[in-house]
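Coordinates in review
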Amino acid sequence: MTPRAAALIDLSVPLGPCDSEHVPVTIDYMSHDFGGAHLAELTGVAQRDLTGGLGWASERVSAITHSGTHVDAPFHYAPHCAGASSRTIDALPLDWFYGEGVCIDVRGGRDEVSTNEMLTFEAKHGIEIGEGRIVLFHTGASAAWGSAAYGDSGRPLAPELIATLCSRGVRVIGTDAWSLDPPLRRMRERASREGASTVWQAHYTGREHEFCAIEKLTNLDALPPAGFLIVCFPVKVARGSAGWTRAVAILGGPT
């Protein structure tokens, strides 16, 4: 029998200039000719004597670690978690970022995704979300990626839902929206009515529960509810509050 090939689903948006980014990303592209001049200088030869007069191409990127598809570390939420120093992205165990995935479709609303919605999903699909699972929420926000409307799209996650997942041993929670929290405009409107305690509540859950968030995912519509693996190793940014990731879902494989 011929082994069944695994299907790889790219869950990451490109890192680069984009109207969807709240903080601008810039990339300076340095050509092979520019690299040739640099290489010649470093090696003490004439650029014309290099093959074709060319050297390396390179890029200089200016971006915060929360640009593009990225993994938030517990340190992003607060300096302390459950009474201990919050861990930065370079201090987290690798096995957090490789595991069985669950994708919960929560499109069609604007309110916070509740714990009851997760329980309904479990009952419908016969799934019990537990330790080691990487749980993704398909809010529909990724359909707006590339436009300024992206930041006002999708659904936030209720703090109680995040706390429930953490109590079950889940350590990585993902969304295709810009954040686990509501769009900035909605947070501002709610804060004007109810006060500052309503701001960034989902992230502040990380003051008591240690978890990572993957934000700005894409292609979640290509995933089944379960039965796939997620690989989302973050870049090891020294003492970083986050790290970029090329998140990938692996469907199927050898049987």
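Okay, so let's go over this structure. Only a predicted model underlies this, so the values are computations on that prediction, with no experimental measurement involved. Here the residue index of a chain counts from 1 through its sequence in written order. Where local features are concerned, this predicted model is filtered to residues with pLDDT of at least 70; where side-chain atom pairs are given and counted, the filter is 80 or more; whole-chain, interface and lining totals use all residues. In computing side-chain values, all of the structure's heavy atoms are included and hydrogens and water are not.

Let's talk about empty space enclosed by the protein
A cavity here means a set of points on a 1 Å grid, drawn over the protein atoms and nothing else, where a 1.4 Å probe fits but cannot get out; a pocket is an open set with protein on both sides within 12 Å along at least five of seven lines, and a residue lines either one if it has an atom within 4 Å of a point. Grid points are joined across faces, edges and corners, and a volume is the space filled by probe spheres set on the points. Going through the model one piece at a time under the given rule, you end up with 1 cavity of 30 Å³ or more. Of the voids in this model, the largest cavity is the one considered here, and its volume is about 50 Å³. Lining the largest cavity are Glu112, Leu157, Pro159, Asp181, Pro182, Met187, Arg190, Thr198, Gln201 and Ala202. Looking at the lining of the largest cavity residue by residue, the classes come out as 5 nonpolar, 2 polar and 3 charged. Gly falls in the polar group here, along with every residue not listed as nonpolar (Ala, Val, Leu, Ile, Met, Phe, Trp, Tyr, Cys, Pro) or charged (Asp, Glu, Lys, Arg).

Notes on the sheet that holds strand E8 (residues 134–138)
Paired strands, in this sense, are two strands between which DSSP finds at least two bridges. Numbering of helices and strands runs from the N terminus; a helix is a DSSP stretch of H or I covering at least four residues, while a strand is a stretch of E covering at least two. Strand order in the open sheet formed by 9 strands is E1-E13-E11-E7-E8-E9-E10-E4-E12, and the pairing between neighbours is mixed. Sheet topology places strand E1 (7–10) and strand E12 (242–244) at the edges, where each strand pairs with a single neighbour. Here the strands of the sheet are splayed against their neighbours by 30° on average, with no regard to which way each runs. Pairing between strand E7 (residues 98–105) and strand E11 (residues 228–231): 4 bridges, direction antiparallel. Bridge pairing links Gly99 to Ile230 in E11. Lines fitted to C-alpha atoms define the axes here, with helix axes fitted over just the stretch in contact, and angles between the N-to-C directions of these axes take values from 0 to 180 degrees.

As for helix H4 (residues 159–167)
Think of an α-helix as turning once every 3.6 residues; residues three or four places apart then point the same way. Per-residue accessibility, obtained with a 1.4 Å probe over protein chains only, is compared with the maximum for each type, and a residue is labelled buried under 20%, exposed over 50%, and partly exposed between these values. For H4, the full list of buried residues reads Pro159, Leu161, Ile162, Ala163, Leu165 and Cys166. The contact rule is simple, with two residues in contact once any of their heavy atoms fall within 4.5 Å. Looking at the buried side of H4, the elements it contacts are helix H3 (115–125), E8, strand E9 (172–175) and helix H6 (201–204). Two residues or fewer past H4, Gly169 is found with a positive phi of approximately 95°.

What about the pattern of salt bridges?
One side-chain nitrogen of Lys or Arg within 4 Å of one carboxyl oxygen of Asp or Glu is enough to make a salt bridge. Under the criterion given, the structure shown has 12 salt bridges. One salt bridge in this structure joins Arg87 and Glu210, with 2.8 Å as the shortest N-O distance. With a gap of 123 residues between them, Arg87 in the loop between strand E6 (84–85) and E7 and Glu210 in the loop between H6 and strand E10 (212–215) connect regions that are remote in the sequence. Arg185 is the partner of Asp152 in a salt bridge, and the nearest nitrogen-oxygen pair spans 2.9 Å. A residue pair is termed long-range when its members are at least 10 positions apart, and Asp152 in the loop between E8 and H4 and Arg185 in helix H5 (residues 184–194) qualify at 33 residues. Taking the relative accessible area as the measure of exposure, Asp152 reaches 28% and is therefore partly exposed. Given a relative accessible area of 33%, Arg185 falls into the partly exposed group.

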